[in-house]
Amino acid sequence: MKNFVSVADVDNINALVQKALVYKTQPLKDKTLGADKRIGCLFLNPSMRTRLSTQIAAENLGMEAIIFNVGHEGWALEFEEEAIMSGNTVEHVKDAAPILGKYFDILAIRTFPSLKNREDDYSELFIKQFIKYAGIPVISLESATLHPLQSLTDIMTISETFKEKRKPKIVLSWAPHVKPLPQCVANSFSQWVNAWGEADFVITHPEDYELSAAFTQGAAITHNQDEALKDADFVYVKNWSTFTDYGRIYSNDPEWMLTNEKLQLTNQAKVMHCLPVRRNIELSDEILDGPNSIVTQQAANRVWAAQAVLSEILNA
Ligand code: CP
C-alpha cells in the first residue's frame, strides 16, 4: 500500500479487516516493524479518536508518532498553485510538504472541507498537494470528502459482530444536527460498504439530502426511514449537510432521531456512530446508553484499523 486516502488504495478489504482483528488480539506482535521510523500526524482540524488511536497504533508497531496541530500552532498553509500570497496564508504546501517528507517516513493529515465551495472541496486539493509534494506515503485522517480509517474500522466492527451465514442488512440513517457537517463519513461509509459487497445496504435521509452518486452507487436509497429500518441488522447513524445546494441545513426534523421505538422495526439492530455525537439531537440517550449501541467498541477498534494500515505501508 502506497497511500491510504480512499478504499481505492486497498487491494483486499477482508484481508485488511482480518489484519486489524489479529492486531486486536495481539497488539504487539509486530512491535519492531516500525523501529527507527517516524510518522508525522498533521491536524488542520480538531480530533480525539483519530489522533489518539493513530498515535497508539504507531507506537504498537515501534514507530515514533509526532502530532502537529497545524490549525492552532502552525503557519497558515496555501494550497493553490501559482497563488499570489498576499492574504492570510504564510507558507505554501510546496515548500512545507517536502520538508515534512524529510522529517518523517509517513505523513498523516486531517483536512476538513470548507463547506463553502463544493467543487473545491470535492477536488481534494489539500490531500492531493501533500501527496504530490511530500514524497512519502500519505494517510488520510479525514479529508474533505472521505474518512477511510473510520470506514475500515466500521467494516471491521460489523465483521466481528455479525456471525450469521447471510449478508447483514446495513442502514445508513441521516440524523438531525444543529450545524452543517461534512459528508465525509457518510460518503466514505457508502464507498466502503459498496466496495466490500457483503451487505444489503440501504441509505435513508430526508428529501434534498442526497449524497454524491459517486459514493452511493450500489445502495438502495429511500426517504422513508421506517421502511429502511425494517429488519436492519446494523443502523449507522450520521448527520450530513446538503450536497446539491452545498453545505446547508434544510431539515432539523427531530423525527429522524433514532429511538427505542424506531429500533423495534429492526432485527435488534446494533447501532453505530463515528462519534462525537450530540446526545438527544443526533442520537437519543436511550439508544446510546442501551444494549444495542456498539459505539464504544467501534471507537476502540480505531486503533487496530490504523495499525493494520500502518503495517501495510511499512511492509510495502
Ligand atoms: N470519529 C472521529 O474521527 O473522531 P475524532 O474526530 O475525534 O477523531
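Data block above holds the structure.
Parameters and conventions
- Residues numbered from 1 in each chain as written.
- Predicted model: local features only at pLDDT ≥ 70, side-chain atom pairs only at ≥ 80, totals over all residues.
- Heavy atoms only, no water.
- Near = heavy atom within 4 Å.
- Polar contact = N/O pair within 3.5 Å; in protein donor to acceptor, adjacent residues only side chain to side chain.
- Areas by Shrake-Rupley, 256 points an atom, 1.4 Å probe, with all protein chains shown as cover.
- Nonpolar A, V, L, I, M, F, W, Y, C, P; charged D, E, K, R; others polar.
- Domains from an automatic or database assignment.
- Core = buried A, V, L, I, M, F, W, Y, C linked by side-chain atoms within 4.5 Å.
- Buried < 20%, exposed > 50% of the residue type's maximum accessible area, 1.4 Å probe, protein only.
- Helix = DSSP H or I, 4+ residues; strand = E, 2+ residues; numbered from the N terminus.
- Contact = heavy atoms within 4.5 Å.
- Phe/Tyr/Trp six-rings, centres within 6.5 Å; stacked < 30°, edge-to-face > 60°.

Now, about the site of the ligand: what can you tell me, with residues and values included?
Within the structure, the ligand sits among Ser 47, Met 48, Arg 49, Thr 50, Arg 110, His 147, Gln 150, Cys 274, Leu 275 and Arg 302. Taking Met 48, its main chain carries an N or O atom lying 2.7 Å from an oxygen atom of the ligand. Across the complex, the protein chains shield 93% of the 260 Å² of accessible surface that the ligand would expose by itself. For the shell around the ligand, the per-class residue count stands at three nonpolar, four polar and three charged. Both domains that furnish three or more residues to the shell around the ligand are identified here as domain 1 (7–146 + 302–314) and domain 2 (150–300).

Summarise the nonpolar core; cite the residues concerned and give the values.
Core analysis: the biggest nonpolar cluster contains 60 residues, and Phe 4, Ile 39, Ile 139, Ile 170, Leu 172 and Val 309 have the highest contact counts within it. Take this core: its biggest share by element is nine residues, from helix H14 (residues 302–315). Residue contributions to this core reach at least three from each of two domains, namely domain 1 (7–146 + 302–314) and domain 2 (150–300). Setting aside residues no more than four positions away along its own chain, Leu 172 makes contact with Ala 186, Phe 189, Ser 190, Phe 201, Val 202, Ile 203, Thr 204, Leu 211, Tyr 236, Lys 238 and Trp 240.

Could you give me a rundown of the packing of aromatic side chains, with the residues and numbers involved?
Aromatic ring pairs are reported here in terms of the distance separating the ring centres and the angle at which the planes meet. A complete count under the given rule lists 12 aromatic pairs for this structure. For the pair Phe 79 and Phe 130, a centre-to-centre distance of 5.8 Å together with 65° between the ring planes defines the contact as edge-to-face. Within this pair, whereas Phe 79 is found in the loop between strand E3 (77–78) and strand E4 (91–92), its partner Phe 130 is found in helix H6 (residues 125–134), the two being separated by 51 residues in sequence. Judged by its relative accessible area of 3%, Phe 79 is buried. Seen in terms of ring centroids, Phe 189 and Phe 201 are 5.8 Å apart; in terms of plane orientation they differ by 80°. Their pairing is edge-to-face. In this pair, Phe 189 is assigned in helix H8 (residues 184–196) and Phe 201 in strand E8 (residues 200–204), connecting sequence segments 12 residues apart. The same class applies to Phe 189 and to Phe 201, which are both buried.

Hey, could you go over the environment of Glu 119 for me, with residue numbers and the actual values?
Looking at the secondary structure, you find Glu 119 in helix H5 (residues 118–122). As a C-alpha pair, Glu 119 and Tyr 246 span 127 residues in sequence and 9.6 Å in three-dimensional space.

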